[in-house]
Amino acid sequence: MASTEVKTGIHTSPEAARRLARRYRQEAFFQFMGLIAIVLALSALAWLMASIFGTGLSAFRQHEVQITASLDPELIDPERTGDPEVMRRGDYRTILQRAIYDRFPEAADDRKLRLQLMEVYSVAGGTGFLRDFVLDNPGRVGDTVTLWIPASDDVDQMLKGKFDLDVPQELRKVTDVQIAWVRELQASGELRASFNKILFLNTDSRDPELAGVAAAVVGSFYALLVTFVLSFPMGVAAAIYLEEFAPKNRFTDFIEVNINNLAAVPSIVFGLLGLAVFLNFFGLPRSAPLVGGMVLALMTLPTIIIATRASLKAVPPSIREGALGVGASKLQSIYHHVLPLAMPGILTGTIIGMAQALGETAPLLMIGMVAFVTQIPESITTPASALPVQVFLWSDSPERAWEERTSAAIIILLGFLTLMNLVAVLLRSRFERRW
Amino acid sequence: MKIKTLILASVAAAAFAAPAMARDEIRIVGSSTVYPFSTKVAQEFEAKTGIKVVVESTGSGGGHKLFCAGVGTAHPDITNSSRRQKKSELETCAKNGVTDVVEVKVGFDGIVIANARSAPDLELSLEEVYRAFAQDIPAGDGSGDKCQFVPNPNTKWTDIRADLPDVKIEAYGPPPTSGTRDAFVEIAMEGGAEKVPCMKALKSADSKAFEAAARTLREDGAWIDAGENDSAIVQTLVRTPSAVGVFGFSFLDQNADKIKGATIDGVDPEFESIASGDYPVSRSLYFYIKKQHVGVVPGIQEYAVEFMSDGAAGPDGYLPPIGLIPLPPAELEQYQDVVKNMTTYSQ
């Protein structure tokens with residue numbers, strides 16, 4: 001009798017109830033801590049996003065000013081040659097100055113006022129827009145034309161409320177008289193805010209109001225193309241060999257450990273390797289997407305090998321055995337059956353590896369892709385920049401307008417990353433087979 | 001099938017990567033301080049001539065290293081520098097066959113000590129700057145011929161001079177890799193140290209020991225290496241009004257509604273005072289041309305002429321509005337002649 005009492009007592013005694021309560025408390029505590037961890041991580045992400053979008057979104061709108069300029073042939077093409085090379089060298093600065101002084105004749109006589117007036121407009125933008133207009137419409141030389149040109153970066157920032165206007169005017173980038181002109185232009189409809197196409201279509205520029213990410217996007221694209229062409233076939237082939245053919249021995253174990261370690265090597269190390277091997281030893285061109293892509297390929301290779309091996313492992317042995325059973329060779333069983341079934345996993349791993357490569361800056365700095373390039377690169381050997389490097393360069397420029405443009409470039413980069421990850425998720429959910 | 005094509009393509013990509021081909025764009029490397037001016041000129045030059053210019057921001061030291069590595073299209077044509085080329089660098093150049101180098105001085109840059117607008121004004125002398133930021137300073141007033149070094153005891157500005165603000169000394173400045181840091185320790189710290197009698201004696205007795213003592217910044221937390229990014233330092237100052245920051249003049253100029261510069265020896269850091277040389281902490285900016293590339297890579301001389309033209313580096317040109325402090329007229333004319341005649345220099 002005594003023994004049965006003891007047995008039930010284990011679960012019913014007050015002591016047992018306390019133990020039980022303690023276990024429940026521990027579980028609740030663990031769940032609570034997990035929840036806190038998630039909330040902290042999410043709020044850090046939300047904070048980051050809020051700060052980037054908070055500063056960056058305003059860069060997607062830009063203020064423009066209207067000018068009415070007389071395209072004086074004497075200044076553009078005095079000999080009336082009609083030659084684009086002559087027209088390219090025309091004196092567009094003077095044309096712009098005349099147009100602006102005509103609009104505000106009261107400022108034209110005073111040197112100080114004149115200088116301030118020119119600062120309302122983007123001088124580099126105005127001359128560039130006029131030049132492009134003439135080169136596109138050589139027949140219009142001699143006419144008076146109306147064009148929208150960007151406002152200067154300081155006026156743009158002032159209208160977006162980024163300056164403290166309460167301080168004395170000599171401490172700000174826009175003076176009281178400039179503000180008065182801006183208000184006058186606004187009232188007459190000659191100053192408007194519109195979508196900032198320049199940010200997407202232009203290449204890098206020293207003037208924030210003319211800077212865009214086009215060259216960097218194309219540079220990143222070329223680099224990623226090289227990365228893909230090099231790392232995907234090599235990575236998949238290496239994984240197939242290691243997974244399907246290689247004998248299991250100490251040597252292959254050693255290789256496996258090393259591949260896993262390689263995936264954890266800091267990217268700057270690959271950059272130094274690229275500098276020493278690709279540039280200094282093989283003499284490949286500096287700042288070229290080709291070399292950038294090769295360095296990023298080294299970095300992506302282990303990710304692809306690991307993902308491919310995992311996907312190959314997930315294909316059931318019965319598929320291989322079935323193929324071998326009807327007389328396929330080992331290579332045929334892999335190429336006709338195993339690889340197609342593993343493909344969604346392989347592609348997912350590859351895209352995630354490529355997305356990582358897209359966001360990488362450090363190795364590109366080492367091989368000179370941190371370059372000011374004003375033309376969209378035509379091939380993988382022409383000098384180029386890359387998106388994350390563009391962010392880095394803009395963040396270190398003094399003018400205030402770079403702050404929002406840096407954030408805008410980050411938003412664009414995040415957009416591409418999200419897109420790539422979305423494709424990876426889609427591929428997985430669409431084509432993944434479960435056994 | 002697809003995989004086979006990809007493998008073929010990758011082999012092809014590796015094969016056509018032929019070494020060092022002729023190039024039709026000008027390659028420029030070097031200082032991140034000269035980078036904004038160099039890129040502005042590149043942009044204007046390209047618009048006028050259609051010749052491509054690629055500017056890379058590698059830092060002054062990195063630039064000289066690349067520049068002096070050899071002659072040929074694999075090496076850059078021009079390097080920007082926020083300090084004068086060192087003798088050792090010119091010797092490396094000569095050793096690698098870069099024998100004809102043209103030195104061009106483009107203008108000046110001031111280094112400012114700034115704090116938030118809401119903070120009290122700082123009026124410092126060079127010696128006080130030295131006493132605030134040096135790791136070890138001479139005990140007492142440093143009179144006599146022999147310095148007794150003590151770890152810097154000044155924790156508040158008032159420890160240095162009673163009428164300075166009663167706040168902790170806390171400075172955010174550039175790290176040792178930066179050219180701005182080099183210039184700051186050379187001009188401000190050494191300049192300040194020379195004002196102390198015993199340090200002056202040390203300089204004439206043992207200039208190496210003097211340099212080591214004057215150039216070493218505090219490591220007890222009063223000086224904080226804030227990274228190469230000067231905009232980040234400006235934002236830190238706005239958030240931390242008790243702190244001061246050390247950076248290039250153009251960042252003060254662009255953010256004058258948020259921060260203000262300390263006067264040094266009674267001179268405000270302003271455009272005019274730096275141009276005239278009254279403001280003591282200013283440095284010259286340069287670029288160096290590899291003369292052997294002129295005529296091989298098209299446009300090098302024309303780029304240099306554009307840079308030094310009155311319309312660019314001149315007082316009314318497009319560079320001063322973005323922060324370049326122009327050369328005095330006589331010196332500007334001198335360097336306009338240098339780029340016109342491609343006069344090489346030696347040290």
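Considering the overall build of chain A
Secondary structure assignment for chain A yields 19 helices and four strands. Its C-alpha atoms put chain A at 115 × 65 × 40 Å along the principal axes. Residue burial in chain A is summarised as follows: out of 435 residues, 46% are buried. Looking at chain A alone, contacts between residues at least 24 apart form 75% of all its contacts between residues at least 6 apart. When the accessible surface of chain A is summed, it comes to about 21900 Å², and 63% of that surface belongs to carbon and sulfur atoms. One way to put it: in chain A the 39 positive side-chain charges average out to a point 13 Å from where the 43 negative ones average out.

With respect to the pattern of salt bridges
Residues and elements named next belong to chain A. Overall, the coordinates contain 41 salt bridges over all chains when judged by the stated rule. The partner of Glu85 in a salt bridge is Arg88, and the shortest N-O contact between them spans 3.6 Å. Separated by three residues within a single helix, Glu85 and Arg88 lie in helix H4 (residues 84-88), roughly one turn from each other. The class for Glu85 is partly exposed, based on a relative accessible area of 40%.

A short note on the interface of chain B and chain A
Taken residue by residue, the interface counts 49 residues in chain B and 48 residues in chain A. Joining chain B to chain A, the criterion identifies five salt bridges. Glu378(A) is paired through a salt bridge with Lys52(B); the nearest N and O atoms lie 3.7 Å apart. Joining chain B to chain A, the criterion identifies 16 residue pairs in polar contact (both at pLDDT 80 or more). Partitioned by chemical class, the residues of the side of chain B that touches chain A number 21 nonpolar, 13 polar and 15 charged. Of the strand pairs in this sheet, strand S4 (residues 371-372) of chain A and strand S2 (residues 53-56) of chain B are connected by two bridges, and their pairing is antiparallel. Within the sheet, the bridge partner assigned to Ala371(A) lies in S2(B) and is Glu56(B).

Side note on a nonpolar patch on the surface
Residues Phe29(A), Phe32(A), Met33(A), Ile36(A) and Leu40(A) make up a contiguous nonpolar surface patch of roughly 520 Å² in combined accessible area. You can see Met33(A) is positioned in helix H2 (residues 14-56).

Structural notes on the domain arrangement of chain A
Residue and element names in this part refer to chain A. The domains assigned to chain A are domain 1 (58-196) and domain 2 (214-431). The C-alpha centroid of domain 2 is placed 45 Å from the C-alpha centroid of domain 1. Taken together, the contact between domain 1 and domain 2 spans 11 residues of the former and eight residues of the latter. Carbon and sulfur atoms supply 56% of the area that domain 1 and domain 2 bury against each other, a total of about 740 Å² over both sides. A per-residue breakdown of the area domain 1 buries against domain 2 is headed by Ala59, Phe60 and Gln157, which together make up 53% of the total. Applying the counting criterion to the domain 1 and domain 2 interface returns two salt bridges. A salt bridge links Lys160 to Glu404; its shortest N-O distance comes to 2.9 Å.

Re the environment of Glu244(A)
Residues and elements named next belong to chain A. If you trace the backbone, Glu244 turns up in helix H11 (residues 214-245). Overall, the relative accessible area of 9% leaves Glu244 in the buried class. Sequence separation between Glu244 and Ile334 is 90 residues; the distance between their C-alpha atoms is 8.3 Å. The contacts of Glu244, once residues within four sequence positions are left out, are Leu312, Arg320, Lys330, Ile334 and Val338. A distance of 2.7 Å separates a polar atom in the side chain of Glu244 from a polar atom in the side chain of Arg320.

Considerations on the domain arrangement of chain B
Residue and element names in this part refer to chain B. What the domain assignment reports for chain B is domain 1 (2-108 + 285-341) and domain 2 (110-282). Between domain 1 and domain 2, the buried area comes to about 720 Å², and carbon and sulfur atoms account for 62% of it. For domain 1, the biggest contributors to the area lost against domain 2 are Phe108, Gly323 and Ile325; these three give 51% of the whole. In this structure, the connection of domain 1 to domain 2 is made through zero salt bridges.

Concerning empty space enclosed by the protein
This structure, assessed with the given rule, holds two cavities of 30 Å³ or more. Approximately 70 Å³ is the volume attributed to the largest cavity. Lining of the largest cavity is provided by 13 residues; of these, Val373(A), Gln375(A), Pro383(A), Lys52(B) and Val54(B) occupy positions nearest its centre. Tallied by class, residues from the lining of the largest cavity come to six nonpolar, three polar and four charged. The computed volume of the second largest cavity comes to approximately 40 Å³. Lining of the second largest cavity is provided by Ser220(A), Ala223(A), Leu224(A), Leu296(A), Ala357(A), Leu358(A), Glu360(A), Leu364(A) and Ala386(A). By residue class, the composition of the lining of the second largest cavity is seven nonpolar, one polar and one charged.

Re the side chain of Ser122(A)
All names here are of chain A. Its location among the elements puts Ser122 in the loop between helix H6 (111-118) and helix H7 (123-136). When its relative accessible area of 1% is taken as the criterion, Ser122 is described as buried. At 2.7 Å, the side chain of Ser122 forms a polar contact with the side chain of Glu209. Not counting chain neighbours up to four residues away, the residues in contact with Ser122 comprise Leu96, Ile149, Pro150, Ala151, Ser152, Glu209 and Leu210.

A word on the pairing of S2(B)
Along any regular strand, the residues point their side chains to alternate faces of the sheet. Across the two faces of S2(B) the burial is the same, with Val53(B) and Val55(B) and Val54(B) and Glu56(B) all buried. Where the polypeptide runs from strand S1 (residues 26-30) of chain B across helix H2 (residues 35-49) of chain B and back to S2(B), its parallel neighbour, the crossover connection is right-handed.

Some points on unusual backbone geometry
Of note in the backbone geometry, Ser287(A) takes a positive phi value of approximately 60° without being a glycine. Within the element layout of this structure, Ser287(A) appears in the loop between helix H13 (267-281) and helix H14 (289-314). Of note in this structure, Asp265(B) is not a glycine but carries a positive phi near 50°. Structurally, Asp265(B) is set in the loop between strand S12 (263-264) and helix H11 (271-276). The class for Asp265(B) is partly exposed, based on a relative accessible area of 38%.

A look at the packing of helix H16 (residues 330-358) of chain A against helix H19 (residues 401-431) of chain A
Residues and elements named next belong to chain A. One can describe the packing of H16 onto H19 by two numbers: an axis separation of 9 Å at closest approach and a directional angle of 175°. The angle between H16 and H19 falls in the class roughly antiparallel. Here Pro344, Leu347, Thr348, Ile351, Ile352, Met354, Ala355 and Leu358 of H16 come into contact with H19, specifically with Leu413, Phe416, Leu417, Met420, Asn421, Val423, Ala424, Leu427, Arg428 and Phe431.

Quick notes on the environment of Val218(A)
Residue and element names in this part refer to chain A. If you trace the backbone, Val218 turns up in helix H11. In this structure, the C-alpha to C-alpha distance between Val218 and Ala386, residues 168 residues apart in sequence, is 7.8 Å. Dropping the residues within four chain positions of it, Val218 is found in contact with Ile376 and Pro377.

Procedures and definitions
- Residues numbered from 1 in each chain as written.
- Chains lettered and ligands numbered in written order.
- Predicted model: local features only at pLDDT ≥ 70, side-chain atom pairs only at ≥ 80, totals over all residues.
- Heavy atoms only, no water.
- Helix = DSSP H or I, 4+ residues; strand = E, 2+ residues; numbered from the N terminus.
- Buried < 20%, exposed > 50% of the residue type's maximum accessible area, 1.4 Å probe, protein only.
- Contact = heavy atoms within 4.5 Å.
- Areas by Shrake-Rupley, 256 points an atom, 1.4 Å probe, with all protein chains shown as cover.
- Lys, Arg positive; Asp, Glu negative; His and termini not counted.
- Charge placed at Lys NZ, Arg CZ, Asp CG, Glu CD.
- Salt bridge = Lys/Arg side-chain N within 4 Å of Asp/Glu carboxyl O.
- Polar contact = N/O pair within 3.5 Å; in protein donor to acceptor, adjacent residues only side chain to side chain.
- Nonpolar A, V, L, I, M, F, W, Y, C, P; charged D, E, K, R; others polar.
- Pairing = 2+ DSSP bridges.
- Patch = residues over 30% accessible without salt bridge, like charges linked within 9 Å, V, L, I, M, F, W, Y side chains within 5 Å.
- Domains from an automatic or database assignment.
- Buried area = accessible area lost by both parts, 1.4 Å probe.
- 1 Å grid on protein atoms, 1.4 Å probe; cavity = no way out; pocket = protein on both sides within 12 Å on 5 of 7 lines; lining within 4 Å.
- Points joined across faces, edges and corners; volume = space filled by probe spheres on them.
- Right-handed = clockwise from strand over helix to strand, strands pointing away.
- Axes fitted to C-alpha atoms, helices over the stretch in contact; angles between N-to-C directions.
- Parallel < 35°, antiparallel > 145°, perpendicular 65-115°, else oblique.

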